[in-house]
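Structural features, examined
So you can see what is in the structure, the chains are spelled out below.
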Amino acid sequence: MTTSTSTTTSTTTSLGRNRNYRLLWSSQALSEFGFNAAALAFPLLVLAVTNSAAASGLVLGTIAVAQLVAGLPAGALVDRWNRKKVMLVCEAAQALAAASLVATVWWGVATVAHMVAVAAVIGVCAALFQPAEEASLPNLVPAEQLSTAVAMNSARASLGHLSGTAVGGFLFAVGRVVPFAVDAVTHTLAFFALAFVRMPPREVRPQPVGRLGREMVDGLRWVWQHRHIRVTALCAVVLNVFFSSFYIIVIVLAQRGGAPSGEIGVMAAMLGVGGVVGSLAAPYLHRMLSPYASIISVFWVLSVLTPLAVLTTSGYVMGALFFAMALLPPTANTAIATRQLLLTPDELRGRLSSVLGLLVGGASALGPMLGGVLTEVLPGNVAILICAGGVTAVTLVVTVSPTLRTFPRQQATQEASATA
């Protein structure tokens, strides 16, 4: 088994002076801003062009379906191919897709079929890019700085989501093509920034297409056989199902209760603000707390705070609860992701990311559907309490889990990876 420690960056170089990591981080900060601005504007564009809510749902659904379908094979392909080239191709493809959308809308020839094709490109590129970036991260930063890099990537994603969604609606109001033009420009800039990232050489062995299925199974087997990865993934999936369901229920109840759209927007944004603050604090909390403490704190905070939603009708108060709920997950995610990346051999890291991404994506799709059903068949407060009960049940399992109670600290993980 190959060693999974970093090979390119001296341990004496701070993360802020790591040229390759800075280029990767800044390129994706640009890319995620443009992506989120376009993602907010995409359904508005489909509605404006077709006047069909069904068409809008089809286009948005295509992104999710393409990402889920491409998920497992994407991880195996990322482990086969040159990861930097995968990221560059993804940025170029997304820039071209956004530019094609700008052209067809500008000339008044946009069609649903073309927008579905653009959505499919976005979904497939997301499925490929994420495992390529995550698998490359341990080779760009030293093992002892990996947790900070993971936390900073989380902060970047939260900032991109907040800024992109905040600006997307305004850009669409300026002009239908504007958010997509911005998206094309940001992906283009990200492409050129990525081109200057120096990736360490890694042996890439061409494999016959017929082995792809076996390689995907190898990734699934790796996740299942390592109990810390398996248990944390399963617990996170269950938590995500109930929390995403809870989130949808709260938003629907606020709308039904006549809350102003601005108040609902602030409420939803506070979840992102909490994520940004939590991500910035994660490197410090990661050093202070044991992995077990950081993980169970997330579950217990959610168990305590989710039932409080039945006691308030104010969107601003609910926003404060969302902010508090989002503070600690980045620290737990940092501990878990660092352990997973250091434990996993380089040739399997793409598949690790794709398997976990598929699980999380499935939970994120199932949760809103569950929340929608609950709001239709049950009183709002009962639906909230069912979700809170689900969160509490998984919290009790996590608290008594011997696997999580023995979750190793980063130093032990580094030593294990160095001898693997």
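Up top is the structure these notes are about.
Let me sum up the structure you'll find in this document. Every value quoted in this text rests on a predicted model; they were computed, and no experiment measured them. Residue positions are given per chain, counted from 1 along the sequence in the order it is written. Given that this is a predicted model, residues contribute local features only at a pLDDT of at least 70 and side-chain atom pairs are listed and counted only at 80 or more, while totals for whole chains, interfaces and linings are drawn from all residues. With hydrogens and water stripped out, all remaining heavy atoms of the structure feed into the side-chain values.

**Examining the nonpolar core**
Generally speaking, nonpolar side chains in soluble globular proteins are found buried as a group. Applied cut-off: Within this scheme, the nonpolar core is defined by two criteria: the residues are buried Ala, Val, Leu, Ile, Met, Phe, Trp, Tyr or Cys, and they are joined through side-chain atoms within 4.5 Å. Accessibility here uses a 1.4 Å probe with only protein chains present; expressed as a share of the type maximum, an area under 20% marks a residue as buried, one over 50% as exposed, and anything in between as partly exposed. Numbering of helices and strands starts at the N terminus; helices are DSSP runs of H or I of at least 4 residues and strands are runs of E of at least 2.
Of all hydrophobic cores here, the largest spans 34 residues; its most connected members are F246, M267, I295, M318, F322, M325 and V398. Among the secondary structure elements, those contributing two or more residues to this core are α8 (227–256), α9 (261–288), α10 (291–305), α11 (315–326), α12 (329–343) and α14 (380–400). Sorting elements by how many residues they give to this core places α8 first, with 9 residues. Grouped together as the second largest cluster of nonpolar side chains are 26 residues, L15, V141, V150 and L342 included.

**Considerations on a nonpolar patch on the surface**
To keep things clear, this is the line we draw: Patch building starts from residues that exceed 30% relative accessible area and form no salt bridge, then joins like charges within 9 Å and nonpolar side chains (Val, Leu, Ile, Met, Phe, Trp, Tyr) within 5 Å. What sets the accessible areas is the Shrake-Rupley method with a 1.4 Å probe; for residues, cover comes only from the shown protein chains. For salt bridges, the criterion is a side-chain nitrogen of Lys or Arg within 4 Å of an Asp or Glu carboxyl oxygen.
A grouping of L30, V185 and L189 is seen on the molecular surface, where their side chains present a nonpolar patch of about 240 Å² in accessible area. Relative to the helices and strands, L189 is located in helix α6 (residues 178–195). Classification of L189 as partly exposed rests on a relative accessible area of 44%.

**Comments concerning the packing of helix α4 (residues 112–140) against helix α13 (residues 349–377)**
For any two helices packed against each other, the geometry comes down to the angle between their axes and how far apart the axes lie. Put simply, the rule reads: Throughout, an axis means a line fitted to C-alpha atoms (over the contacting stretch in the case of helices), and angles, computed between N-to-C directions, take values from 0 to 180 degrees. An angle counts as roughly parallel when it lies under 35 degrees, as roughly antiparallel when it exceeds 145, as roughly perpendicular when it falls between 65 and 115, and as oblique in every other case. Crossings are classed by handedness, with left-handed meaning an anticlockwise turn of the near helix from the far one by less than a right angle and right-handed meaning a clockwise turn. Here, two residues are considered to be in contact whenever any of their heavy atoms come within 4.5 Å of each other. Throughout, the ten residues Ala, Val, Leu, Ile, Met, Phe, Trp, Tyr, Cys and Pro are labelled nonpolar, Asp, Glu, Lys and Arg are labelled charged, and all others, Gly among them, are labelled polar.
Relative to each other, α4 and α13 sit at 135°, their axes nearing to 8 Å. Viewed along their axes, α4 and α13 adopt a mutual orientation that is oblique. Between α4 and α13 lies a crossing whose hand is right-handed. In contact with Q130, P131, E134, A135, P138 and N139 of α4, α13 contributes R349, G350, S353 and S354. Per-class residue counts for the contact of α4 with α13 are 3 nonpolar, 5 polar and 2 charged.

**Points about the pattern of salt bridges**
Taken as a whole and judged by the stated rule, the model has 9 salt bridges. Residues R156 and E32 are paired through a salt bridge, measuring 3.2 Å at the closest nitrogen-oxygen approach. With R156 in helix α5 (residues 146–174) and E32 in helix α1 (residues 19–50), this residue pair connects regions lying 124 residues apart in the sequence. Of the two residues, R156 and E32, both sit in the buried class. Between E133 and R156 there is a salt bridge, and its shortest N-O distance comes to 2.9 Å. Taken together, the positions of E133 in helix α4 and R156 in helix α5 put the pair 23 residues apart, joining distant regions of the chain. Among the residues examined, E133 registers a relative accessible area of 7% and is labelled buried. Within this structure, D79, R83, D346, R349 and R351 form a network of salt bridges that share partners.

The quantities given are spatial measurements derived from coordinates; they are silent on function.
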